[in-house]
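These are the residues of each chain, in order.
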2 protein chains.
Amino acid sequence: MKHTHPKMSRATWALTAICGFTFALGVLAEPALAQPENKAEPKSRRRVREVKPVEITPGQVSDLQKLANDRKLTVEDIMAAAKTYLPSGRHDDYLIFASGGHSGQMFVIGVPTMRLLRSIAVFTPEPWQGYGFSGEKDPVREHLQINGKEINWADTHHPALSETAGDYDGEFLFIGDKANARLAVIDLRDWETKQIVKNPITISDHGAAFVTPNTDYVVEGGQYAVPLGYGYAAAEDYQKSYRGMVTFWKFDRKAGRIDESQSFAIELPPYWQDLFDAGKLASDGFVFGNSFNTEMATGGVEQGKPPFEAGTTQRDMDYLHIVDWKKAEQVFKAGKIEKVKNFAVIKLDTSIAEGVLYFTPEPKSPHGVDVTPNGQYIVIAGKLDPHVTVYSTEKIKKAIAEKKFSGKDSYGVPILDFDSVKEAQVELGLGPLHTQFDNQGYAYTSLFLDSAVARWSLGGEYADKHPEKPWTLVTKTPVQYNIGHLVTAEGDTVSPDGQYLVAMNKWSVDRFYPTGPLLPQNFQLVDITKNGTTMPVLYDSPIGVGEPHYAQMIKADKLKTWTVYPELGWNPHTQMIDPKAPKAGKEGIVREGSTVVVNMTAIRSHFTPENVEVNEGDRVIWRITNCERSQDATHGFCIGGYNINLSLEPGEFTEIEFTADQAGTYPFYCTEFCSALHLEMAGYFRVKPAGATVGQATK
Amino acid sequence: MKHTHPKMSRATWALTAICGFTFALGVLAEPALAQPENKAEPKSRRRVREVKPVEITPGQVSDLQKLANDRKLTVEDIMAAAKTYLPSGRHDDYLIFASGGHSGQMFVIGVPTMRLLRSIAVFTPEPWQGYGFSGEKDPVREHLQINGKEINWADTHHPALSETAGDYDGEFLFIGDKANARLAVIDLRDWETKQIVKNPITISDHGAAFVTPNTDYVVEGGQYAVPLGYGYAAAEDYQKSYRGMVTFWKFDRKAGRIDESQSFAIELPPYWQDLFDAGKLASDGFVFGNSFNTEMATGGVEQGKPPFEAGTTQRDMDYLHIVDWKKAEQVFKAGKIEKVKNFAVIKLDTSIAEGVLYFTPEPKSPHGVDVTPNGQYIVIAGKLDPHVTVYSTEKIKKAIAEKKFSGKDSYGVPILDFDSVKEAQVELGLGPLHTQFDNQGYAYTSLFLDSAVARWSLGGEYADKHPEKPWTLVTKTPVQYNIGHLVTAEGDTVSPDGQYLVAMNKWSVDRFYPTGPLLPQNFQLVDITKNGTTMPVLYDSPIGVGEPHYAQMIKADKLKTWTVYPELGWNPHTQMIDPKAPKAGKEGIVREGSTVVVNMTAIRSHFTPENVEVNEGDRVIWRITNCERSQDATHGFCIGGYNINLSLEPGEFTEIEFTADQAGTYPFYCTEFCSALHLEMAGYFRVKPAGATVGQATK
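Residues numbered from 1 in each chain as written. Chains lettered and ligands numbered in written order. Predicted model: local features only at pLDDT ≥ 70, side-chain atom pairs only at ≥ 80, totals over all residues. Heavy atoms only, no water.

Novice: Just to check I follow, could you spell out the pairing of strand 22 (residues 387-392) of chain B for this structure?
Specialist: Remember that side chains alternate between the two faces of the sheet whenever the strand is regular. All names here are of chain B. Counting buried positions over the six residues of strand 22 gives six, a clear majority of the element. Burial of strand 22 is two-sided: the residues His-387, Thr-389 and Tyr-391 facing one way and the residues Val-388, Val-390 and Ser-392 facing the other way are all buried. Two successive antiparallel strands, strand 21 (residues 377-382) and strand 22, enclose a turn made up of four residues. By the bridge criterion, five bridges tie strand 22 to strand 25 (residues 422-427) in an arrangement that is antiparallel. Within strand 25, the residue paired with Tyr-391 across the bridge is Lys-422. (Buried < 20%, exposed > 50% of the residue type's maximum accessible area, 1.4 Å probe, protein only. Helix = DSSP H or I, 4+ residues; strand = E, 2+ residues; numbered from the N terminus. Pairing = 2+ DSSP bridges.)

Novice: Can you help me understand the sheet that holds strand 42 (residues 635-639) of chain A in this one?
Specialist: Backbone hydrogen bonds hold the strands of a sheet together, and the pairing may be parallel or antiparallel. Residue and element names in this part refer to chain A. Judged by pairing direction, the sheet is mixed, and its five strands sit side by side in the order 40-46-45-42-43 without closing on themselves. Looking at strand neighbours, the two that pair on one side only are strand 40 (611-615) and strand 43 (644-648), the edges of this open sheet. When the angles between neighbouring strand axes are averaged without regard to direction, this sheet yields 15 degrees. (Axes fitted to C-alpha atoms, helices over the stretch in contact; angles between N-to-C directions.)

Novice: Explain the layout of surface pockets here, please?
Specialist: One water molecule sets the probe size; rolling that probe over the atoms shows where empty space is left. Estimates place the volume of the largest pocket at around 950 Å³. What lines the largest pocket is a set of 37 residues, among which A:Met79, A:Lys83, A:Asp527, A:Leu538 and B:Leu67 lie closest to the centre. Mapped onto the lining of the largest pocket, the elements with two or more residues apiece are helix 3 (75-84), strand 31 (498-505) and strand 33 (537-543) of chain A together with helix 2 (58-70) of chain B. Broken down by element, the lining of the largest pocket gets its largest block of residues, six residues, from helix 3 of chain A. By residue class, the composition of the lining of the largest pocket is 14 nonpolar, eight polar and 15 charged. (1 Å grid on protein atoms, 1.4 Å probe; cavity = no way out; pocket = protein on both sides within 12 Å on 5 of 7 lines; lining within 4 Å. Points joined across faces, edges and corners; volume = space filled by probe spheres on them. Nonpolar A, V, L, I, M, F, W, Y, C, P; charged D, E, K, R; others polar.)

Novice: How should I be thinking about the confidence of the model for chain A in this particular structure?
Specialist: Caution applies to low-pLDDT parts of the model: their predicted coordinates are not meant to be read in detail. Residues and elements named next belong to chain A. Confidence in the prediction of chain A, expressed as mean pLDDT, is 92, and 91% of residues score 70 or more. Within the model, the stretch residues 694-699 combines pLDDT values under 50 with 17 contacts to residues more than four positions away or in other chains. Predicted complex, confidence summary: ipTM 0.93, pTM 0.94. (pLDDT = per-residue confidence, 0-100. Contact = heavy atoms within 4.5 Å.)

Novice: What am I meant to see in the packing of helix 2 (residues 58-70) of chain A against helix 3 (residues 75-84) of chain B here?
Specialist: Axis angle and axis distance: for two packed helices, these are the angle between their axes and the distance between the axes, and together they describe the pair. The contact between helix 2 of chain A and helix 3 of chain B brings their axes to 10 Å, and the two run at 10 degrees. Between helix 2 of chain A and helix 3 of chain B, the crossing angle belongs to the class labelled roughly parallel. Where helix 2 of chain A approaches helix 3 of chain B, its residues A:Gln60, A:Asp63, A:Leu64 and A:Leu67 are matched on the opposing element by B:Val75, B:Glu76, B:Ile78, B:Met79, B:Ala82 and B:Lys83. Grouping the constituent residues of the contact of helix 2 of chain A with helix 3 of chain B by class yields six nonpolar, one polar and three charged. (Parallel < 35°, antiparallel > 145°, perpendicular 65-115°, else oblique.)

Novice: Help me understand the sheet that holds strand 42 (residues 635-639) of chain B in this model?
Specialist: All names here are of chain B. Taken in spatial order, the five strands make up an open sheet running 40-46-45-42-43, and their pairing is mixed. Strand pairing shows two members of the sheet lacking a second neighbour, strand 40 (611-615) and strand 43 (644-648), which therefore form its edges. Across the sheet, the mean angle separating the axes of adjacent strands is 15 degrees when strand polarity is ignored. Two strands pair when backbone bridges link them, and strand 42 and strand 43 are joined in this way by five bridges, in the antiparallel orientation. Note that in strand 43 the partner of Phe-637 across the bridge is Leu-646.

Novice: What exactly am I supposed to notice about the side chain of B:Glu309 here?
Specialist: The residue B:Glu309 is located in helix 6 (residues 308-311) in this model. Look at B:Glu309: it is buried, it has no salt bridge, and the nearest opposite charge is A:Arg604 at 9.2 Å. Within the local environment of B:Glu309, its side chain forms a polar contact with the backbone nitrogen of A:Ser605, the two atoms lying 3.4 Å apart. At 2.5 Å, the side chain of B:Glu309 forms a polar contact with the side chain of A:His606. (Lys, Arg positive; Asp, Glu negative; His and termini not counted. Salt bridge = Lys/Arg side-chain N within 4 Å of Asp/Glu carboxyl O. Polar contact = N/O pair within 3.5 Å; in protein donor to acceptor, adjacent residues only side chain to side chain.)

Novice: What should I look at first to understand the packing of aromatic side chains in this one?
Specialist: For any pair of aromatic rings, the description consists of the separation of the ring centres together with the inter-plane angle of the planes. For the structure on display, the rule yields 84 aromatic pairs over all chains. With a centroid separation of 5.5 Å and 45 degrees between ring planes, the pair formed by A:Tyr271 and A:Tyr319 is classed as tilted. Placement of A:Tyr271 in the loop between strand 13 (257-268) and strand 14 (272-278) and of A:Tyr319 in strand 16 (residues 317-324) is noted, with a sequence separation of 48 residues between them. The exposure classification of A:Tyr271 matches that of A:Tyr319, with both residues buried. Members of the aromatic cluster, connected to one another through ring pairs, are A:Tyr230, B:Phe607, B:Trp622, B:Phe637, B:Tyr642, B:Phe658, B:Tyr666, B:Phe668 and B:Phe685. When the ring centre of A:Tyr442 is taken as reference, the NZ or CZ atom of A:Arg455 above it lies at 4.6 Å. (Phe/Tyr/Trp six-rings, centres within 6.5 Å; stacked < 30°, edge-to-face > 60°. Lys NZ or Arg CZ within 6 Å of the ring centre and 35° of its normal.)

Right, here's the structure in full:
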């Protein structure tokens with residue numbers, strides 16, 4: 001058999017010579033080869049840009065004009081393009097952390113480019129991230145259990161970044177699951193979900209997650225009332241047996257975990273609680289929540305009764321919930337609670353007696369509750385009312401102190417007199433939902449029915465910051481279509497940045513090429529740098545991987561993200577080196593009875609060991625350390641046919657466990673393209689049929 | 001109890017009056033209200049743009065210059081921005097259908113904006129799309145079973161659009177699962193996965209999916225050799241017992257499904273087959289596949305042997321596989337096959353005897369096999385060789401006819417003499433992987449180690465289309481970093497469009513804000529409109545939801561996407577009206593023994609019925625029709641605590657089935673924001689504890 005060589009150039013020979021160093025071959029492909037340590041920017045390739053002032057020549061103007069005409073762009077389009085474009089290697093100024101709706105995940109989007117930088121797996125197993133694919137004892141899938149069943153999706157609604165003194169500190173991220181009343185904790189050092197807690201007393205939530213100004217508590221408000229504790233009760237027993245709730249999850253920042261034993265809930269009437277927001281500065285110590293279905297309708301369209309959509313919208317006013325959480329904390333610590341499913345609950349009567357809970361009327365079908373940055377005002381949008389209603393913290397405190405009540409609700413909760421606590425009402429347009437703030441004394445409210453963003457002027461100490469009369473509509477910018485939430489830069493903090501606003505539109509209809517009958521959402525970037533009536537839409541960004549509800553936008557340089565894990569053998573579940581992590585040179589296969597422990601390392605471009613043989617029926621514990629130290633040197637690890645796939649970031653250790661219940665010959669390989677010889681980073685897992693002896697030598 | 005009304009404007013009253021029509025309330029929020037029928041563009045809101053020629057004024061030049069300097073942009077950056085920007089409502093010209101790597105999904109990206117328009121769930125359950133969350137008899141999860149286990153992820157590598165006469169026809173999309181040797185069929189009318197077939201004879205594939213020019217067959221080539229049929233064999237028995245394969249899945253276009261009974265595989269030596277490409281025009285009837293590990297190395301770094309990365313790269317030449325599939329089809333139809341796991345396999349000896357299979361040498365560690373648009377040449381990149389090697393179809397045919405063999409491999413496969421079939425070798429740089437084509441007679445090859453895209457000139461009948469000498473390197477454009485595949489507009493067809501090229505880079509390192517230790521990939525858009533050496537990178541696009549391997553780029557107007565399902569009660573699994581689909585006015589709950597059938601409709605903003613009560617232990621069959629006819633009027637449907645979430649597109653019918661095994665009160669609600677009263681689109685599913693009688697009246 002004879003092969004003819006192709007004519008070889010000098011480069012061929014050089015490469016062939018290099019390839020002689022077989023073990024080192026993989027690193028040829030490494031862009032960050034010169035970096036022995038964790039370092040974000042490999043010098044050798046980083047695009048160096050001379051930043052000298054631009055002068056656009058007449059020839060360039062002519063080119064640009066021709067391009068604009070060819071592509072049917074206006075000059076405004078070109079300005080918008082230039083405001084949102086970043087050349088290769090330049091980073092976005094802000095990051096949006098957006099919920100992923102019923103995808104169960106989180107999405108991170110850069111601003112102003114509006115590029116989706118990453119999804120973070122939270123409630124839904126996701127194999128690219130190796131999230132939930134580590135075998136039968138997967139810690140993620142264990143976290144997802146509710147009453148013995150894996151509930152492996154969620155309806156994520158409202159993310160909250162951790163705060164210090166009312167400012168995003170970039171350390172943690174929280175997100176609630178409306179469908180199953182759960183809360184997840186994400187560590188922003190490695191952008192991985194660390195904990196999922198299930199609210200044991202209710203099925204659904206909506207007002208989650210919101211944090212108190214120092215992240216002492218993460219607030220989770222309910223949505224659809226149920227018998228607390230997962231019980232059954234007939235529709236006729238609604239008023240008697242169903243209840244709402246708001247839960248205060250204690251966050252232990254040092255541990256990076258919620259401490260369930262120090263958490264408590266407050267029982268509420270069976271209205272459908274909606275959103276919550278924590279007071280800050282002037283209103284620190286309070287949380288505010290809105291509600292609907294104070295009618296306590298139970299539907300029944302199937303029996304000719306009004307459907308929920310009608311039954312829940314009959315009353316002119318619902319109730320703004322005012323909760324004194326610092327008092328509630330004292331009540332909890334004093335043990336004035338009952339346990340429901342072993343979870344501490346402050347009963348309604350206790351809250352009333354201890355001054356924990358007050359109501360005040362809010363216009364029909366309210367939606368959104370947003371505290372101004374100085375904490376002095378609370379803004380409630382009435383989705384079936386063209387106004388936003390602004391309440392004064394000072395007036396609320398005074399009304400509580402002076403017991404200015406207009407009555408009690410049917411459960412005995414005192415109702416603060418509306419006119420005594422109201423600061424202003426501002427007519428904005430149809431379907432106001434949510435409000436955000438900037439650094440110029442403006443508020444921005446989404447108008448669902450108008451499909452617009454309204455800018456309006458705040459009063460009080462904000463009145464000097466803008467030229468307009470306080471509490472008045474300034475301008476509206478149309479968006480397309482059907483905006484839900486909106487988010488401004490650092491918009492939920494004590495010091496918003498202004499600059500950018502993103503309209504989180506729910507329908508995109510014709511904005512993008514139709515992607516089947518299921519369409520993406522449309523995030524529109526709005527320029528709010530100029531005050532007054534100038535507020536152009538700059539960019540449309542389709543979100544075709546889920547339906548985000550709410551988002552927070554943080555200055556990117558606040559985060560202290562790890563680019564590789566701090567040490568080799570790092571366990572992301574414990575955030576420390578794992579003593580079980582295999583070390584290079586110490587790999588091997590150890591059998592104890594019918595349990596086989598595989599100690600493996602991964603480095604470009606091979607796994608050690610490459611051949612693993614067990615008996616059918618053996619229990620397999622497989623430990624892998626990614627021994628890379630270069631940024632982006634992630635390896636995947638999968639076993640065909642065994643539903644296992646890991647994403648091993650540089651330094652990461654993972655342990656998988658499963659029973660080798662199917663005999664056969666199963667390739668394993670690296671699933672993350674890592675080097676020129678990535679395809680060769682593979683091996684065989686052989687499962688010998690029952691009865692045969694094991695051929696593999698043990699160490 | 002007294003409530004004070006806020007002062008009501010005329011708008012408030014108007015809205016309140018409208019809201020009196022309770023049942024119609026939800027449609028207030030509908031942007032497409034005026035559309036009784038399926039229609040893509042609601043007239044009322046579509047942004048109307050006057051397209052008149054732009055003349056950029058000196059004032060505007062000055063504004064643009066200031067903006068450029070503020071944002072540190074060059075004039076080239078502004079040109080790139082203007083080349084990739086689209087104002088609101090303007091659609092992308094091309095769509096990229098990209099595999100999602102180990103996310104198991106597909107991603108669709110618009111070009112030139114590089115926006116991710118949508119993900120398509122394929123191998124991984126995904127709740128936003130309601131994919132795999134319809135209870136215990138979920139058809140998706142049934143498709144995902146392998147040997148009785150749900151394998152609910154995949155490593156998707158190479159998508160293929162269906163072709164007619166070698167041109168993308170926009171009808172179907174195929175994608176392979178490397179980790180588990182599966183193939184999925186997606187219908188491009190509704191962008192949903194319709195079928196997943198498991199290759200019963202092997203565990204892994206790589207050369208999938210590739211289609212023959214009229215999509216008669218979808219080709220799936222193997223990767224890591226195993227004993228065919230999922231058997232066990234020791235490493236020492238590798239040469240005797242392990243085999244490669246290439247499978248031809250028969251596609252029934254009318255049914256929109258693969259016909260497994262008309263499909264067959266060809267047994268191959270236990271080399272690791274890599275990529276395949278179907279011949280076209282001049283080479284129609286052939287498929288070509290490359291291979292590596294013709295050394296038949298079995299690794300063993302754990303025993304001090306060379307690891308796979310070294311063992312598989314020792315030989316100077318591997319084998320290009322040349323398969324005459326039209327002959328193979330005749331052999332299959334003549335019954336000259338053996339059944340392995342009940343699947344038709346043409347044995348190696350038969351292939352050799354019947355002239356189905358030939359080899360020819362290809363430079364070491366080849367990667368990528370790409371047939372030129374005219375079918376006359378086959379391009380093989382040698383990832384450890386700086387050349388691409390170009391083979392001539394005509395010469396291959398001649399060598400076969402004249403039996404110009406240089407020998408046989410150890411399994412008896414005739415090897416065509418290399419020099420007799422080689423047309424050219426072109427030196428490009430380090431790490432060439434894959435090649436695409438344009439309409440100017442150029443080829444484009446990704447250089448993994450150089451991190452560059454090489455443009456080189458084709459010869460033969462292409463020589464007249466460009467000014468350069470045939471078979472020569474024209475220019476290289478650096479990309480960042482580590483490009484794998486690349487894709488040009490219509491680049492795998494008989495008539496590529498040129499215009500755009502996307503470099504699918506594997507590492508992004510410092511290109512974006514670091515997203516934890518796990519980084520996105522980086523798709524870079526390259527402008528290939530000009531010939532010669534001008535080939536600028538226009539845009540960086542992070543892909544942070546998976547690791548795409550390969551993609552195809554189709555002219556968007558070729559697709560005939562449904563914007564809503566054709567009729568009310570449409571079942572996407574059968575692509576026809578389902579007789580079981582509930583109709584408006586005919587809803588109800590029917591009990592038969594311990595089985596309860598719920599017939600439900602969904603329309604803004606209510607479900608009918610809203611109260612469903614069953615006994616603990618009942619079997620529940622729940623049928624829902626979305627009665628909307630407006631584009632984007634999707635409803636979700638979830639039951640808290642029961643791991644059920646549906647995405648019901650306009651007209652869609654879905655049936656779910658589960659056992660009500662946990663007593664309690666479970667809210668169900670619409671998970672897709674659909675109207676102003678979306679939150680009120682809810683109801684209660686009550687499961688009465690065992691022993692109690694059912695309160696719900698049956699119809």
